[in-house]
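Report on the structure
Here's the letter readout for the chains.
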Amino acid sequence: MPSKTETAIAPLAAPLRGVTSIPGDKSISHRAILFSAMAEGTSELSGVLDSGDVRSSIAAVQKLGAQVDLKSQADGSLAGTVTGWGETGPIQPDGPIDCGNSGTTARLLMGALAPWDIEVTITGDDALQKRPMRRITAPLMKMGARFIPEGQELLPITMRGTSTLRAITHDAPMASAQLKTAVLLAGIYAQGTTTLNEPSPSRNHTELMLPEYGVVTTAAACTASVKGPSVPKACAVKVPGDPSSAAFLACAAVLTCGSDIAIEDVSLNTARIGFVRTLERMGADVLVRHKGTAGKEPFGTIEARHSGTLHGCEVPADKIATMVDEVPVLSLVAAFAKGVTVFREVDELRVKETDRIEAILEGLGLIGVDAWMDGSDLYVEGQPGLSLPPDTVFDSKKDHRLAMTWAIAGLAGKVAVQVKNFDSVKISYPHFLHDIERLTR
Ligand code: S3P
């Protein structure tokens with residue numbers, strides 16, 4: 001019998017087959033809510049992901065004075081309106097803003113609040129209180145915002161913004177869309193052009209979305225700028241499906257005999273679908289078909305079929321940001337491939353919802369797969385035809401992406417497994433198991 005926090009995952013009774021859609025993109029949902037909260041007027045949102053993390057963003061902007069009227073739709077998404085604080089700015093909240101498990105909420109909020117003369121304490125759950133924040137507070141301090149205690153790495157942190165922000169050029173030490181977005185959001189209200197340079201391209205939803213809100217941005221590979229001061233204006237946003245969630249279904253199909261699926265209306269933003277390229281390079285049968293654009297975001301279909309002969313490949317450092325949340329599930333695919341797969345420079349995985357490097361090494365070790373770190377590079381030595389030991393108990397470490405990765409290990413490995421704290425999937429993909437089951441009918 002699984003204990004209270006363990007969920008038993010039964011092996012698949014049938015291959016994954018058919019056409020499915022996928023819940024809304026988490027990154028775009030966060031931005032749609034936050035940018036609409038910052039905007040003057042009432043924005044209309046549809047396709048918004050209904051998940052733990054996005055609920056954290058909704059609760060945060062409500063506490064700061066935005067009016068949110070989003071209702072659950074038949075397909076499980078949220079749709080409706082957000083009326084922002086616009087030129088009058090957010091209200092002084094009556095207590096700390098609890099961002100739950102959501103790093104995106106906490107970090108983007110710091111940028112959004114930097115231009116306002118209010119004092120706000122930002123906090124989160126135990127996992128979020130272990131994640132680094134100085135990467136965000138350091139450039140915002142250069143712009144004029146204050147953080148108490150000064151220079152502190154971990155939440156809770158109290159911030160005091162200022163209406164006289166300075167525009168800056170900041171060279172980011174790592175490719176992080178959360179850092180880029182925080183600086184650009186503050187830059188909207190600074191006098192002049194604020195620029196963020198990064199070592200390799202991170203997801204670019206902010207640069208693509210801000211112009212929809214009437215904010216002028218310019219962007220090229222590894223650099224993005226915003227021209228201030230300006231006030232975002234309400235607009236309409238349709239959120240496409242989340243490629244990071246789609247990746248779990250695609251990898252499950254690639255690993256499971258007889259599978260053949262199509263995932264529709266998913267974001268095909270190239271800064272997000274690096275996992276498709278990696279699967280292709282491993283010899284997997286995956287394909288993307290473009291259908292159109294939602295705002296400036298391309299979307300379409302991802303097809304994935306069972307692929308019997310996978311082989312290892314090398315994923316270069318400058319591509320990691322395009323699949324940063326998919327490395328755990330790709331390392332599982334690598335475990336079933338012939339030869340060694342290497343993911344270059346994956347240190348950022350150590351500061352996600354948990355230390356995902358340690359978790360990957362531990363989980364693959366449990367199923368007898370050799371995986372190791374050499375400096376910042378992750379190596380996985382695959383075993384084609386790998387069969388899992390019976391009754392494996394994986395630990396999700398309360399991390400949604402690991403919970404889904406280890407569930408797929410069981411599905412693909414054709415044995416019943418248990419995953420501790422599986423309910424962490426509610427952070428990004430609450431109906432993950434239900435969708436898998438539907439595809440096997
Ligand atoms: C996100 C950026 C990435 C990603 C996270 C969502 C975003 O984090 O891992 O899940 O929405 O901007 P980093 O900015 O820390 O790389």
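First, a word on scope: everything that follows refers to the structure included in this document. Here the structure is a predicted model, which means the values were calculated and not measured. (Residues numbered from 1 in each chain as written. Predicted model: local features only at pLDDT ≥ 70, side-chain atom pairs only at ≥ 80, totals over all residues. Heavy atoms only, no water.)

**A word on the overall build of the protein chain**
- When you go through the protein chain residue by residue, the secondary structure sums to 12 helices and 23 strands.
- Taken along its principal axes, the extent of the C-alpha atoms in the protein chain is 60 × 45 × 45 Å.
- Each of the 441 residues in the protein chain was classed as buried or not, and the buried ones make up 59%.
- Considering only contacts in the protein chain between residues 6 or more positions apart, those separated by 24 or more positions represent 76%.
- Total accessible area on the protein chain is roughly 16,200 Å²; 51% of this is exposed by carbon and sulfur atoms. (Helix = DSSP H or I, 4+ residues; strand = E, 2+ residues; numbered from the N terminus. Buried < 20%, exposed > 50% of the residue type's maximum accessible area, 1.4 Å probe, protein only. Contact = heavy atoms within 4.5 Å. Areas by Shrake-Rupley, 256 points an atom, 1.4 Å probe, with all protein chains shown as cover.)

**Re the site of the ligand**
- Close to the ligand lie S27, R31, T104, R107, A175, S176, A177, Q178, R203, V324, D325 and K352, which account for all nearby residues.
- At 2.8 Å from an oxygen atom of the ligand is found a side-chain nitrogen or oxygen belonging to D325.
- Notes on the ligand: free accessible area 390 Å², of which the protein chains cover 95%.
- Of all the secondary structure elements, the ones that give two or more residues to the shell around the ligand are α1 (26-38), α3 (103-113) and α5 (177-187).
- Across the shell around the ligand, the residue classes break down as three nonpolar, four polar and five charged. (Near = heavy atom within 4 Å. Polar contact = N/O pair within 3.5 Å; in protein donor to acceptor, adjacent residues only side chain to side chain. Nonpolar A, V, L, I, M, F, W, Y, C, P; charged D, E, K, R; others polar.)

**Here we look at α3**
- For α3, a buried count of 11 out of 11 residues is recorded, marking the element as mostly surrounded by other parts of the structure.
- Considered for burial, the residues of α3 that qualify are G103, T104, T105, A106, R107, L108, L109, M110, G111, A112 and L113.

**Digging into the packing of aromatic side chains**
- Following the criterion strictly, the structure yields seven aromatic pairs and no others.
- Geometrically, the ring pair formed by F248 and F432 is edge-to-face, given 6.3 Å between the ring centres and 75 degrees between the ring planes. Taken together, the positions of F248 in helix α7 (residues 243-255) and F432 in helix α12 (residues 432-439) put the pair 184 residues apart, joining distant regions of the chain. Neither residue differs from the other here; F248 and F432 are each classed as buried.
- Considering the side-chain rings of W372 and Y379, the 5.4 Å spacing of their centres and the 5 degrees angle between planes classify their relative orientation as stacked.
- In this structure an aromatic cluster arises from ring pairing among F248, F422, Y429 and F432. (Phe/Tyr/Trp six-rings, centres within 6.5 Å; stacked < 30°, edge-to-face > 60°.)

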